[in-house]
Amino acid sequence: MKTLTVKSRKATEFIDITREVEGAVAESGVREGVVTVYTPHTTTAILINENDPRLLSDYEKILEKLVPKGAGYAHDPGEGNAHAHLRSALIGPAKSVPVSAGRPVLGTWQRIFFVELDGPRTRRVMVQAIQ
Amino acid sequence: MKTLTVKSRKATEFIDITREVEGAVAESGVREGVVTVYTPHTTTAILINENDPRLLSDYEKILEKLVPKGAGYAHDPGEGNAHAHLRSALIGPAKSVPVSAGRPVLGTWQRIFFVELDGPRTRRVMVQAIQ
Amino acid sequence: MKTLTVKSRKATEFIDITREVEGAVAESGVREGVVTVYTPHTTTAILINENDPRLLSDYEKILEKLVPKGAGYAHDPGEGNAHAHLRSALIGPAKSVPVSAGRPVLGTWQRIFFVELDGPRTRRVMVQAIQ
């Protein structure tokens with residue numbers, strides 16, 4: 001298992017970690033199998049989609065529409081980050097991708113994102129490839 | 001594979017099964033790998049986040065906001081649980097977590113929840129660790 | 001790894017691929033393990049729930065409610081499919097299911113769906129079973 005360190009700079013941020021995940025799979029020596037990309041925090045998530053800044057801004061707006069910040073959450077007094085927990089639970093902390101010929105079988109437009117939902121902070125991502 | 005039995009007592013309930021999952025991983029003998037936690041029902045789900053009762057009540061409210069109960073669903077006549085199916089599909093029946101040193105690499109605040117969406121009932125959860 | 005070809009006929013469509021996934025697991029020879037079902041496109045997803053046409057129409061309506069088509073997305077000019085990307089990211093491109101006795105441990109009512117969100121098109125699904 002490889003552990004990546006990711007530094008976010010904004011409250012909400014989509015950080016493309018595709019290259020790092022591909023590197024971790026190559027290092028692992030796994031040729032045919034599955035790679036699991038996992039974030040161990042409760043206010044972050046892992047997402048796979050296209051790396052288009054306009055699309056990512058759309059995604060940020062959808063998250064605000066579905067789970068607005070500061071909407072009277074019971075968890076907020078003293079914390080103020082209930083929206084980040086709820087969005088993290090909605091997107092999920094893990095994504096699994098098949099590995100073939102030593103690489104994750106991502107489609108042409110697919111990229112793997114670490115999603116910061118309560119930044120800026122220094123975070124971790126675990127990459128586990130098995131065969 | 002280990003199969004857990006979970007008894008829910010409410011219509012919607014978040015049941016912390018972290019200890020049982022950790023026990024199943026320990027029993028499996030897997031030291032480095034991935035554990036998949038899976039619920040075989042269509043009105044339940046698996047979720048990972050913080051075990052704070054206030055936060056879980058926030059999450060229940062968000063589910064009711066996003067997918068309200070009894071909102072004229074085509075599936076409801078004769079069943080009445082369309083909202084539970086839709087919420088189950090939204091959260092998903094499975095979560096995968098890397099295993100290292102014989103334990104799921106959960107973060108400090110992360111707990112694994114079985115989510116009952118159409119209880120109370122007796123339910124099953126499968127825990128499969130592979131290396 | 002087995003690659004399936006799926007042809008969609010509508011803009012949004014839920015295509016039951018359970019039989020194909022079970023066939024791929026049988027072919028793989030894996031008896032105890034996990035199967036990962038993965039779609040490499042950014043406007044498709046994998047979902048597990050009941051195969052009831054009324055329920056699937058409810059699910060399509062919920063997707064339109066949560067992520068409406070053409071709601072002024074930044075990604076839409078020249079593309080027009082931002083809603084499909086956002087829905088794909090919400091549902092996710094992968095689902096993992098434990099395998100026991102050579103079969104995915106799906107519950108009585110569970111079926112695996114390829115979800116088309118920007119069809120009609122010819123698409124791919126990867127099925128990777130490991131033990």
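Residues numbered from 1 in each chain as written. Chains lettered and ligands numbered in written order. Predicted model: local features only at pLDDT ≥ 70, side-chain atom pairs only at ≥ 80, totals over all residues. Heavy atoms only, no water.

**Remarks on the overall build of chain A**
Move 1: Across its full length, chain A holds three helices and eight strands.
Move 2: The order of α-helices and β-strands along chain A, N terminus first, is β-β-α-β-β-α-α-β-β-β-β.
Move 3: Computed over its C-alpha atoms, the radius of gyration of chain A comes to 15 Å, within 12% of the 14 Å expected for a compact globule of 131 residues.
Move 4: Based on the C-alpha atoms only, the size of chain A along its principal axes is roughly 50 × 30 × 20 Å.
Move 5: By the burial criterion, 63% of the 131 residues in chain A qualify as buried.
Move 6: In chain A, the proportion of contacts linking residues at least 24 apart, taken out of those at least 6 apart, comes to 82%.
Move 7: Carbon and sulfur atoms provide 47% of the accessible area of chain A, an area that totals close to 5,100 Å².
Move 8: Here chain A contributes 17 positive and 15 negative side-chain charges, whose respective centroids are spaced 2 Å apart. (Helix = DSSP H or I, 4+ residues; strand = E, 2+ residues; numbered from the N terminus. Rg over C-alpha atoms; globule rule 2.2 N^0.38 Å. Buried < 20%, exposed > 50% of the residue type's maximum accessible area, 1.4 Å probe, protein only. Contact = heavy atoms within 4.5 Å. Areas by Shrake-Rupley, 256 points an atom, 1.4 Å probe, with all protein chains shown as cover. Lys, Arg positive; Asp, Glu negative; His and termini not counted. Charge placed at Lys NZ, Arg CZ, Asp CG, Glu CD.)

**Topic: the packing of aromatic side chains**
Move 1: For the structure shown, the criterion picks out six aromatic pairs over all chains.
Move 2: Pairing Phe14 of chain B with Tyr59 of chain B gives two aromatic rings, centres 5.7 Å apart and planes at 75 degrees, and the pair type is edge-to-face. Here Phe14 of chain B, found in strand β2 (residues 13–16), pairs with Tyr59 of chain B, found in helix α2 (residues 53–66); they are 45 residues apart in sequence, far enough to count as distant.
Move 3: Of the residues examined, Phe14 of chain B reaches a relative accessible area of 13% and is grouped as buried.
Move 4: On the accessibility criterion, Tyr59 of chain B (3% relative accessible area) is buried.
Move 5: Among the aromatic residues, ring-to-ring pairing joins Phe14, Tyr59 and Phe113 of chain A into one connected group. (Phe/Tyr/Trp six-rings, centres within 6.5 Å; stacked < 30°, edge-to-face > 60°.)

**Quick notes on the side chain of Asp58 of chain A**
Move 1: Relative to the helices and strands, Asp58 of chain A resides in helix α2 (residues 53–66).
Move 2: Although Asp58 of chain A is buried, it forms no salt bridge, and the closest oppositely charged side chain is Lys61 of chain A at an N-O distance of 5.0 Å. (Salt bridge = Lys/Arg side-chain N within 4 Å of Asp/Glu carboxyl O.)

**A word on the interface of chain A and chain B**
Move 1: Between chain A and chain B, the contact holds 28 residues from the first and 31 residues from the second.
Move 2: Between chain A and chain B, the buried area comes to about 2,300 Å², and carbon and sulfur atoms account for 63% of it.
Move 3: Across the contact surface, chain A and chain B share zero salt bridges.
Move 4: Linking chain A with chain B are 15 residue pairs in polar contact (both at pLDDT 80 or more). (Buried area = accessible area lost by both parts, 1.4 Å probe. Polar contact = N/O pair within 3.5 Å; in protein donor to acceptor, adjacent residues only side chain to side chain.)

**Here's the deal with the relation of the copies chain A and chain B**
Move 1: For the pair chain A and chain B, the relating rotation is 120 degrees, the translation along its axis is 0.0 Å, and the fit reaches an RMSD of 0.0 Å. The two molecules are tied by a three-fold rotation axis, judged by turn and shift. Across chain A, the rotation axis passes nearest the C-alpha of Leu66 of chain A, at a separation of 4.1 Å. (Least-squares fit on C-alpha atoms with pLDDT ≥ 70 in both.)

**Quick notes on the pattern of salt bridges**
Move 1: Applying the stated criterion to the full structure yields 21 salt bridges over all chains.
Move 2: A salt bridge links Arg103 of chain B to Glu22 of chain B, with the nearest nitrogen and oxygen atoms 3.5 Å apart. Here Glu22 of chain B lies in helix α1 (residues 18–28) and Arg103 of chain B lies in strand β6 (residues 103–104), a separation of 81 residues in the sequence.
Move 3: Overall, Glu22 of chain B belongs to the partly exposed group, its relative accessible area being 22%.
Move 4: Of the charged contacts in the structure, one is a salt bridge between Arg87 of chain C and Glu64 of chain C, with a shortest N-O distance of 2.7 Å. With a gap of 23 residues between them, Arg87 of chain C in helix α3 (residues 82–91) and Glu64 of chain C in helix α2 (residues 53–66) connect regions that are remote in the sequence.
Move 5: For Arg87 of chain C, a relative accessible area of 3% puts it in the buried group.

**A few points about the interface of chain C and chain A**
Move 1: Each side of the interface is counted separately: chain C has 28 residues, and chain A has 31 residues.
Move 2: Between chain C and chain A the total buried area reaches about 2,300 Å² when both faces are included, carbon and sulfur atoms providing 63% of it.
Move 3: If you sort the residues of chain C by the area they bury against chain A, Tyr38, His75 and Ile130 of chain C come out on top, with a joint share of 22%.
Move 4: Along the contact surface separating chain C from chain A lie zero salt bridges.
Move 5: At the boundary of chain C with chain A, the tally comes to 15 residue pairs in polar contact (both at pLDDT 80 or more).
Move 6: Counting only elements with at least two residues in the side of chain C that touches chain A, the list comes to β3 (33–38), α2, α3, β5 (94–100) and β8 (122–130) of chain C.

**What about the sheet that holds strand β8 (residues 122–130) of chain B?**
Strand-to-strand pairing in sheets goes through backbone hydrogen bonds, with the strands running parallel or antiparallel.
Move 1: Taken together, the five strands give an open sheet; going across it, the order is β1-β8-β3-β5-β6 (chain B), and neighbouring strands pair in antiparallel fashion. Either end of the sheet is taken by a strand with one partner, and the two such strands are β1 (2–7) and β6 of chain B. (Pairing = 2+ DSSP bridges.)

**Things to note about unusual backbone geometry**
Peptide bonds are mostly trans, and most non-glycine residues show a negative phi.
Residue and element names in this part refer to chain A.
Move 1: The omega angle of the peptide bond from Gly119 to Pro120 is 0 degrees, so this bond is cis rather than trans.
Move 2: When you line up the elements, Pro120 lands in the loop between β7 (111–116) and β8 (122–130).
Move 3: Phi at Ala101 is positive, roughly 50 degrees, even though this residue is not glycine.
Move 4: As for its placement among the helices and strands, Ala101 is situated in the loop between β5 (94–100) and β6 (103–104).

**Quick word on helix α3 (residues 82–91) of chain A**
All names here are of chain A.
Move 1: Here α3 lies mainly inside the structure; 10 of its 10 residues are buried.
Move 2: The set of residues buried in α3 consists of Ala82, His83, Ala84, His85, Leu86, Arg87, Ser88, Ala89, Leu90 and Ile91.
Move 3: Phi turns positive one or two residues past the end of α3, at Gly92, with a value near 100 degrees.

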